[in-house]
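Each chain is listed here by its residues.
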Amino acid sequence: MSLSMLLTRSLLHLQPNRFRSAEQIDAAIATRRPPAPVTRALRRRCRVDEETVLGVPMLTLTPRRPRRGAPELVYLHGGAYVFPLRRAHWWIIERLIALSGVTVTVPLYPRAPEHSLSEALPFLDSVMVEVRRRAAGRGVFLAGDSAGAGLALAHTLVRRDRGAELPDGLLLFSPWLDATMSDPAVARLEPLDPLLAAPGLVHCARLWARDGDISGRLVSPINDSLDRLPPTFVYQGTHDVLAADAKRFARKAERLARRQPAPVQDARPAPSAVELRLYRGAFHDFVAATFTPESRRALGHAASVLARRGPVRPPAPEA
């Protein structure tokens, strides 16, 4: 763990954690601000176009110096399904564009409590159709952090079940995979996490599911079979209340891979679609702290997946 990660985490522990209770979440929702505007640095680097899809805003950031053949990326921001895009999300996106040259589409998807998962999924379908059309045969990847990563998985599961075209890959940063927060390890992780806590997260999930079951696989993707996922890369800090579920997710995918038949003339088991990369001491959504070595390594690897530079499954990450 780097010194900058340790210092940043210590500073975050000094801030109030609004996820300690449902009441604190409701108070925070009542004082929400609009989504953070695109940063000046991104406007210098990219052309920014705004349009609406099914009445919902969608921003597209196209590098002024695009890389030939670079894929398209759709990025879904975190915020526990209730909070808007924040400035820190733009820092992640800016770094991915700088490293890979991708064009990034950022849908400002409808959020709870005014909206729910059942409204977000058809919206994302329409977004992906538009991005696929624009990509004209180039790759299309789907990324997200925290709740946005969970929504990216839910969208992918729905399309898989319909036999529809899937993203070429998933990049999941500190994903929220089990909305029930029922893993026994959660209680051990909560004191380490300066940003999240189970009571507030469960409350947000119930708002998002509306009348649905938060253990259902579209709110808690860990409860899916995980069969036929596209290549999926998970970037997870160990001092994050969501870390236990990321590990369970990877183990479940690995067990599934062992049961699948090996390729012809190959005695090895089929590789898992999920690769988990752990970062020791890193907090929730640590990739937004782009000044830390841990963030630079994670986003550098994600960019290598997008740019198809070198191996996308390098040696085991730090534990």
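First, a word on what this report is: a plain description of the structure on this page. (Residues numbered from 1 in each chain as written. Predicted model: local features only at pLDDT ≥ 70, side-chain atom pairs only at ≥ 80, totals over all residues. Heavy atoms only, no water.)

### Considering the packing of helix H2 (residues 22–30) against helix H8 (residues 198–209)
Heads up, the rule is: For helices, the fitted axis covers only the stretch in contact; all axes are lines through C-alpha atoms, and the angles between them, taken along N-to-C directions, range from 0 to 180 degrees. Each helix corresponds to a stretch of at least 4 residues labelled H or I by DSSP, and each strand to a stretch of at least 2 residues labelled E; elements are numbered beginning at the N terminus. The cut-offs work like this: below 35 degrees is roughly parallel, past 145 is roughly antiparallel, 65 to 115 is roughly perpendicular, and the gaps in between are oblique. Put simply, a crossing is left-handed when the front helix is turned counterclockwise from the back one by less than a right angle, and right-handed when it is turned clockwise. Should any heavy atoms of two residues lie within 4.5 Å, those residues are considered in contact. Polar here means any residue outside two lists: the nonpolar Ala, Val, Leu, Ile, Met, Phe, Trp, Tyr, Cys and Pro, and the charged Asp, Glu, Lys and Arg; Gly therefore counts as polar.
Axis separation between H2 and H8 bottoms out at 8 Å; the angle between their running directions is 60°. By the angle class used here, H2 and H8 are oblique. Crossing of H2 against H8: the hand is right-handed. Taking contact as the criterion, the partners of Ala22, Ile25, Asp26 and Ile29 in H2 are, on H8, Gly200, His203, Cys204 and Leu207. Classifying every residue of the contact of H2 with H8 gives five nonpolar, two polar and one charged.

### What about the nonpolar core?
Here is the rule we go by: Residues enter a nonpolar core if they are buried and are Ala, Val, Leu, Ile, Met, Phe, Trp, Tyr or Cys, with the set joined through side-chain atoms within 4.5 Å. Only protein chains enter the accessibility calculation, which uses a 1.4 Å probe. A residue is then buried if its area is under 20% of the maximum for its type, exposed if over 50%, and partly exposed in between.
Among the nonpolar cores identified, the biggest contains 69 residues, and Phe19, Leu151, Trp176, Met181, Leu201 and Phe249 are the most heavily contacted of them. Sort the elements by how many residues they give to this core and helix H5 (residues 117–135) lands first, with nine residues. Setting aside residues up to four positions removed in sequence, Leu201 forms contacts with Phe19, Ala80, Trp176, Met181, Leu196, Val241 and Leu242. Residues Ala36, Ile97, Val104 and Val106 belong to the second largest nonpolar core, which totals 37 residues.

### Side note on a positive patch on the surface
Test applied: In this scheme, patches are assembled from residues that exceed 30% relative accessible area and form no salt bridge. Like charges are connected within 9 Å, while nonpolar side chains (Val, Leu, Ile, Met, Phe, Trp, Tyr) are connected within 5 Å. For every accessible area listed, the method is Shrake-Rupley and the probe measures 1.4 Å; residues are considered covered only by the protein chains on display. By salt bridge we mean one thing: a side-chain nitrogen of Lys or Arg within 4 Å of a carboxyl oxygen of Asp or Glu. Positive charges come from Lys and Arg, negative ones from Asp and Glu, while His and the chain ends are left out of the count. Where a charge sits is defined by one atom per residue type, namely NZ (Lys), CZ (Arg), CG (Asp) or CD (Glu).
Judged by side-chain charge, Lys247, Arg251, Arg255, Arg258 and Arg259 come together as a positively charged surface patch. Mapped onto the elements of the fold, Lys247 is located in helix H9 (residues 243–259).

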